[in-house]
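So you can see what is in the structure, the chains are spelled out below.
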Amino acid sequence: QVQLRESGGGSVQAGGSLRLSCTISGDTNTIYHLAWFRQPPGKEREGVATVTFRSGSSYYAGSLKARFRISRDNAENTVDLQMSNLQPEDTAMYYCAAALTWATPWYRHTNYNYWGQGTQVTVSS
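Draft legend 1. Inspection of the overall build of the chain at higher detail. Helix and strand counts for the chain stand at zero helices and eleven strands. When the helices and strands of the chain are placed in sequence order, the string is β-β-β-β-β-β-β-β-β-β-β. For 125 residues, the compact-globule formula gives about 14 Å, and the C-alpha radius of gyration of the chain, at 13 Å, lands near that figure. Along the first, second and third principal axes, the C-alpha set of the chain runs to 40 × 25 × 25 Å. A burial count over the chain gives 45% of its 125 residues as buried. Counting contacts in the chain only where the partners sit at least 6 residues apart, residues at least 24 apart contribute 58% of the total. Within the chain, one finds 11 positive and 9 negative side-chain charges whose respective centroids are separated by 4 Å.

Draft legend 2. The arrangement of the state of the cysteines in detail. Following the criterion strictly, the structure yields one disulfide and no others. At a sulfur-sulfur separation of 2.2 Å, the disulfide partner of C22 is C96. Here the S-S torsion is close to -80 degrees, and the disulfide linking C22 with C96 is therefore left-handed. Here C22 is found in strand 3 (residues 18-26), whereas its partner C96 is found in strand 9 (residues 92-99), with 74 residues between them in sequence. In this pair, the class of C22 matches that of C96, namely buried.

Draft legend 3. Geometry of the packing of aromatic side chains. Overall, the coordinates contain six aromatic pairs when judged by the stated rule. Between Y112 and W115, the aromatic rings sit 6.1 Å apart at their centres with planes inclined by 65 degrees, giving edge-to-face as the arrangement. The class for Y112 is buried, based on a relative accessible area of 7%. Taken together, the aromatic side chains of F37, Y95, Y112 and W115 make up a single cluster linked through ring pairs. Over the ring of Y95 we find R45, and its NZ or CZ is 3.9 Å from the ring centre.

Reading the values: rules and limits
Residues numbered from 1 in each chain as written. Predicted model: local features only at pLDDT ≥ 70, side-chain atom pairs only at ≥ 80, totals over all residues. Heavy atoms only, no water. Helix = DSSP H or I, 4+ residues; strand = E, 2+ residues; numbered from the N terminus. Rg over C-alpha atoms; globule rule 2.2 N^0.38 Å. Buried < 20%, exposed > 50% of the residue type's maximum accessible area, 1.4 Å probe, protein only. Contact = heavy atoms within 4.5 Å. Lys, Arg positive; Asp, Glu negative; His and termini not counted. Charge placed at Lys NZ, Arg CZ, Asp CG, Glu CD. Disulfide = S-S within 2.5 Å. Phe/Tyr/Trp six-rings, centres within 6.5 Å; stacked < 30°, edge-to-face > 60°. Lys NZ or Arg CZ within 6 Å of the ring centre and 35° of its normal.

Written as structure tokens, this is what we have:
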């Protein structure tokens, strides 16, 4: 069993930055990779970035790589998402997710076994 808890969301103006953090507890040795997803109002959940827990290899949604950075701290069992130059279209509920195995494509939300409750990010013009 794995538990995920997101933190760090809030309201910022366009051009600002936020750092989200996902704290992982439980049977962390079973996790192969983790990801951040987001769900804008009225839209489906979409993948933002993923990172393997052991090696730190990362993948991003193509349009976000220039502004977002995912990282993991194995000792602390955390996965962070550093977001810069935020824009109104980044407004969404952001979720942390964990998968027990690698699956393709990484950004398909049904590939993940555990989810946090989400943290809201709101970007104003």
